[in-house]
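Listed below are the residues making up each chain.
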Amino acid sequence: MKVTNIFKVVSVGIMLLIFWFSDQNGEESLKQSNFILQYLKDLLEVVGLDVRKVAHFTIYMSLGISLTLSREKKNMRTFIEVVAFVFLYACSDEFHQSFVPGRGPSFKDVFIDTCGGVTGSLLARKKI
């Protein structure tokens, strides 16, 4: 199996994971964040970061990496297509959250998600 095909499967897996996280109601989502926060809170507070926003950035960075590595060519066109896809997926994710109790859409999250995708794609183009 080609490496690009493996990363196509990984990309779909990450998108399913994002959908699953987004489908949790506000209370469940907060419980997960608080569980992770117990381990990261002190570190993140020192640098002034919010664990939920770091999670957004990180999972979309992973998506940007896997989408880029799923492509044969790693040129500027691939970069633009990956970033456009990540942006549209982030928009659809926030739209999905508008139907989940206790959740809501956030343009700030779309921005953070897209920045994560851009970072991931740039890292993958440099072959990490």
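Refer to the preceding data block for the structure.
Values in this document were obtained by computation on a predicted structure and should not be read as measured data.

> Just checking my understanding: could you explain the packing of helix α4 (residues 76-97) against helix α5 (residues 107-125) for this structure?
Running from amino to carboxyl end, α4 crosses α5 at an angle of 150°, the nearest separation of the two axes being 9 Å. Our classification of the angle between α4 and α5 gives roughly antiparallel. Like other packed secondary-structure pairs, α4 and α5 cross with a definite hand, here right-handed. Contact residues: Met76, Phe79, Val82, Val83, Val86, Phe87, Ala90, Cys91 and Glu94 in α4; Asp109, Val110, Asp113, Thr114, Gly117, Val118, Ser121, Leu122 and Arg125 in α5. Classifying every residue of the contact of α4 with α5 by side-chain character gives eleven nonpolar, three polar and four charged.

> Would you mind going over helix α3 (residues 51-69) with me for this structure?
For an α-helix the count is 3.6 residues per turn, leaving residues at separations of three or four pointing the same way. Compared with the 27 Å implied by 1.5 Å per residue over 19 residues, the 27 Å span of α3 between its first and last C-alpha is a close match. Every buried residue belonging to α3 is among Val51, His56, Ile59, Tyr60, Met61, Leu63, Gly64, Ile65, Ser66, Leu67, Thr68 and Leu69, and all of these are buried.

> I would appreciate a short explanation of the packing of α3 against α5 in the present structure.
Between two packed helices, both the angle of their axes relative to each other and the distance between the axes serve to describe the pair. Two elements in contact, α3 and α5, have axes whose closest approach is 6 Å; the angle formed by their N-to-C orientations is 40°. If you check the angle between α3 and α5, you find them oblique. Read as a crossing pair, α3 and α5 show a hand that is right-handed. Facing Lys53, His56, Phe57, Tyr60, Met61, Gly64, Ile65, Thr68 and Leu69 of α3, the residues of α5 in contact are Asp109, Ile112, Asp113, Cys115, Gly116, Gly117, Thr119, Gly120, Ser121, Leu123, Ala124 and Arg125. Looking at the contact of α3 with α5, its residues break down into nine nonpolar, eight polar and four charged.

> Looking at this structure, I do not really get a nonpolar patch on the surface. What am I missing?
There is a patch of nonpolar side chains on the surface, built from Leu17, Trp20 and Phe21 and spanning about 280 Å² of accessible area. Position of Leu17 relative to the elements: it lies in helix α1 (residues 3-22).

> Looking at this structure, I do not really get the nonpolar core. What am I missing?
Side chains of a nonpolar character, in soluble globular proteins, are inclined to be buried together. Core analysis: the largest hydrophobic core is formed by twelve residues, namely Ile14, Met15, Ile18, Ile59, Tyr60, Leu63, Leu67, Val82, Val86, Tyr89, Ala90 and Val110. Listed by contribution, the elements that provide at least two residues to this core are α1, α3 and α4. In contact with Leu67, not counting residues within four places along its chain, are Ser11, Val82, Phe85 and Val86.

> I tried to follow the pattern of salt bridges on my own but got confused; where do I start?
Oppositely charged side chains are able to pair whenever their charged atoms sit close together. As enumerated under the stated definition, the model contains four salt bridges in all. Between Asp109 and Lys53 there is a salt bridge whose closest N-O contact spans 2.5 Å. Of the two residues, Asp109 is situated in helix α5 and Lys53 in helix α3; the sequence distance between them amounts to 56 residues. Judged by its relative accessible area of 6%, Asp109 falls in the buried class. Linking Glu81 and Arg77 is a salt bridge whose minimum nitrogen-to-oxygen distance equals 2.7 Å. Taken together, the residues span about one helical turn, with Glu81 and Arg77 both in helix α4 at a distance of four residues. Arg77 sits in the exposed class, given a relative accessible area of 60%. Connected via shared salt-bridge partners are Arg71, Arg77 and Glu81.

Criteria and cut-off values
Counting starts from 1 at the beginning of each chain's written sequence and moves along it residue by residue. Given that the model is predicted, a residue must reach a pLDDT of at least 70 before its local features are reported, and side-chain atom pairs must reach 80 or more before they are shown or counted; all residues, however, enter totals for whole chains, interfaces and linings. Excluding hydrogens and water, the side-chain figures rest on all heavy atoms present in the structure. Every angle, taken between N-to-C directions, lies between 0 and 180 degrees, and every axis is a line fitted to C-alpha atoms, over only the stretch in contact when it is a helix. Under the DSSP-based scheme used, a helix requires at least four consecutive residues in state H or I and a strand at least two consecutive residues in state E, with every element numbered from the N terminus. An angle counts as roughly parallel when it lies under 35 degrees, as roughly antiparallel when it exceeds 145, as roughly perpendicular when it falls between 65 and 115, and as oblique in every other case. In a left-handed crossing the near helix is turned counterclockwise from the far helix by less than a right angle, and in a right-handed crossing that turn is clockwise. It only takes one pair of heavy atoms within 4.5 Å for two residues to be counted as in contact. Three classes are used: nonpolar for Ala, Val, Leu, Ile, Met, Phe, Trp, Tyr, Cys and Pro, charged for Asp, Glu, Lys and Arg, and polar for all others, with Gly counted as polar. Expected span, for any helix, means 1.5 Å times one less than how many residues it has. Residue burial is assigned from relative accessible area. The probe radius is 1.4 Å, only protein chains are included, and a residue is buried under 20% of its type maximum, exposed over 50%, and partly exposed in between. Within the patch definition used here, like charges are joined within 9 Å and nonpolar side chains (Val, Leu, Ile, Met, Phe, Trp, Tyr) within 5 Å, considering only residues with over 30% relative accessible area and no salt bridge. The Shrake-Rupley method, run with a 1.4 Å probe, gives the accessible areas here. Residue values count only the displayed protein chains as cover. One side-chain nitrogen of Lys or Arg within 4 Å of one carboxyl oxygen of Asp or Glu is enough to make a salt bridge. In these notes, a set of buried Ala, Val, Leu, Ile, Met, Phe, Trp, Tyr and Cys residues joined through side-chain atoms within 4.5 Å is what counts as a nonpolar core.

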